[in-house]
Amino acid sequence: DAGVIQSPRHEVTEMGQEVTLRCKPISGHNSLFWYRQTMMRGLELLIYFNNNVPIDDSGMPEDRFSAKMPNASFSTLKIQPSEPRDSAVYFCASRRTGENEQFFGPGTRLTVL
Amino acid sequence: AQSVTQLDSQVPVFEEAPVELRCNYSSSVSVYLFWYVQYPNQGLQLLLKYLSGSTLVKGINGFEAEFNKSQTSFHLRKPSVHISDTAEYFCAVAGEKAAGNKLTFGGGTRVLVKP
């Protein structure tokens, strides 16, 4: 099993640019979670999906952030326009329905200049 | 809603010494509890979890944790650490009935094992 796959692993962009982070969950996992990790705020849940449907997006910081899950094997987190304060490590995690463990991807380190 | 407090942000410890990482939680409902480890530049990996049953839970790499409901704690311990245990450790809680079992994480404890 390849685990949760995230791309890119590192992204450096300039303020105002659009950023798209990608995640492929583990095959057979029905729930997908997007987290953000910063020194100041720690690990925060941004949004999660069950069976491709967004269930709770209350952690999404503002309208500049959007997430989609067009099918069971792919999700994107988009920031448009990006700002320096969005610099963080963004993690994707997936979970099989009925189980409790979330499996985390390696993360995308985003730097907005 | 749940919250998690990890009382120590950093714990320096010598190799082969024991270590205890403290975690306290608050919740109005029954919870599941987890400890995750994050090695440098990597994602989070599950160390152990408490769902029900025995309050002493054993995990990978020689770690164990004890659930104490009256003290709302879930402290992590290892009797003898190795250099390779240098990492950041996160305690997390999820409400039993919470849709999707959303995890709420503590602020993390950075463990530095010294030779």
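Look a little higher up for the structure.
Note that the structure is predicted; figures quoted are calculated from it, not measured.

Here is what the cut-offs are and how they apply
- Residues numbered from 1 in each chain as written.
- Chains lettered and ligands numbered in written order.
- Predicted model: local features only at pLDDT ≥ 70, side-chain atom pairs only at ≥ 80, totals over all residues.
- Heavy atoms only, no water.
- Helix = DSSP H or I, 4+ residues; strand = E, 2+ residues; numbered from the N terminus.
- Rg over C-alpha atoms; globule rule 2.2 N^0.38 Å.
- Buried < 20%, exposed > 50% of the residue type's maximum accessible area, 1.4 Å probe, protein only.
- Contact = heavy atoms within 4.5 Å.
- Areas by Shrake-Rupley, 256 points an atom, 1.4 Å probe, with all protein chains shown as cover.
- Lys, Arg positive; Asp, Glu negative; His and termini not counted.
- Charge placed at Lys NZ, Arg CZ, Asp CG, Glu CD.
- Buried area = accessible area lost by both parts, 1.4 Å probe.
- Salt bridge = Lys/Arg side-chain N within 4 Å of Asp/Glu carboxyl O.
- Polar contact = N/O pair within 3.5 Å; in protein donor to acceptor, adjacent residues only side chain to side chain.
- Nonpolar A, V, L, I, M, F, W, Y, C, P; charged D, E, K, R; others polar.
- Phe/Tyr/Trp six-rings, centres within 6.5 Å; stacked < 30°, edge-to-face > 60°.

Participant: How would you sum up the overall build of chain A? Please name residues and give values.
Facilitator: Helices and strands together make up the secondary structure of chain A, namely zero helices and 11 strands. Taken from N to C terminus, the helices and strands of chain A fall in the order β-β-β-β-β-β-β-β-β-β-β. Its C-alpha radius of gyration of 13 Å places chain A within 12% of the 13 Å reference for a compact globule of 113 residues. Overall, the C-alpha framework of chain A stretches about 40 × 25 × 25 Å when taken along its three principal axes. Burial statistics for chain A: of 113 residues in total, 49% are counted as buried. A separation threshold of at least 6 residues defines the contact pool for chain A, and within that pool the share at least 24 residues apart is 54%. When the accessible surface of chain A is summed, it comes to about 5,500 Å², and 49% of that surface belongs to carbon and sulfur atoms. Positive and negative side-chain charges in chain A, numbering 12 and 13 respectively, have mean positions lying 3 Å apart.

Participant: I'd like a rundown of the interface of chain A and chain B, residues and numbers included.
Facilitator: Of the residues lining the interface, 21 residues belong to chain A; the matching set on chain B comes to 19 residues. Contact between chain A and chain B buries roughly 1,600 Å² in total, counting both sides, with carbon and sulfur atoms accounting for 52%. When the area that chain A buries against chain B is broken down by residue, the three leading residues are L43, N100 and F104 of chain A, summing to 36%. Linking chain A to chain B there are one salt bridge. In this structure, the salt-bridge partner of D56 of chain A is K102 of chain B, at a minimum N-O distance of 2.7 Å. For the pair chain A and chain B, the interface holds three residue pairs in polar contact (both at pLDDT 80 or more). Where the side of chain A that touches chain B is concerned, the elements lending two or more residues are β4 (31-38), β5 (42-50) and β9 (88-95) of chain A. Looking at the side of chain A that touches chain B, the element that brings in the most residues is β5 of chain A, giving four residues. Here the side of chain A that touches chain B is composed, by residue class, of nine nonpolar, six polar and six charged.

Participant: Can you explain the side chain of D56 of chain A? Please cite residues and give values.
Facilitator: All names here are of chain A. The residue D56 is located in strand β6 (residues 53-56) in this model. Since its relative accessible area comes to 18%, D56 is described here as buried. A polar atom in the side chain of D56 sits 2.6 Å from the side chain of S58.

Participant: Can you break down unusual backbone geometry residue by residue, with the values?
Facilitator: Between S7 of chain A and P8 of chain A the backbone carries a cis peptide bond, its omega angle lying at -10°. Of note, P8 of chain A is situated in the loop between β1 (5-7) and β2 (10-13). Geometrically, the link from Q80 of chain A to P81 of chain A is a cis peptide bond, its omega value of -10° lying close to zero. As for its position among the elements, P81 of chain A is in the loop between β8 (74-79) and β9. Positioned with a positive phi, N41 of chain B is a non-glycine residue whose angle comes to about 60°.

Participant: Kindly report on the packing of aromatic side chains, identifying the contributing residues and their values.
Facilitator: Following the criterion strictly, the structure yields 13 aromatic pairs over all chains and no others. Ring centres of F34 of chain B and Y36 of chain B lie 6.4 Å apart, and the angle between their planes is 35°; on these two criteria the pair is classed as tilted. Grouping residues by exposure puts F34 of chain B and Y36 of chain B together as buried. Judged by centre distance (6.3 Å) and plane angle (90°), the ring pair of F90 of chain B and F105 of chain B falls under edge-to-face. Placement of F90 of chain B in strand β10 (residues 87-95) and of F105 of chain B in strand β11 (residues 104-105) is noted, with a sequence separation of 15 residues between them. The buried category is assigned to F90 of chain B, whose relative accessible area is 1%. Each residue in the set F33, Y35, Y48, F91 and F104 of chain A together with F34, Y36, F90 and F105 of chain B is aromatic and connected to the rest through ring pairs, giving one cluster.

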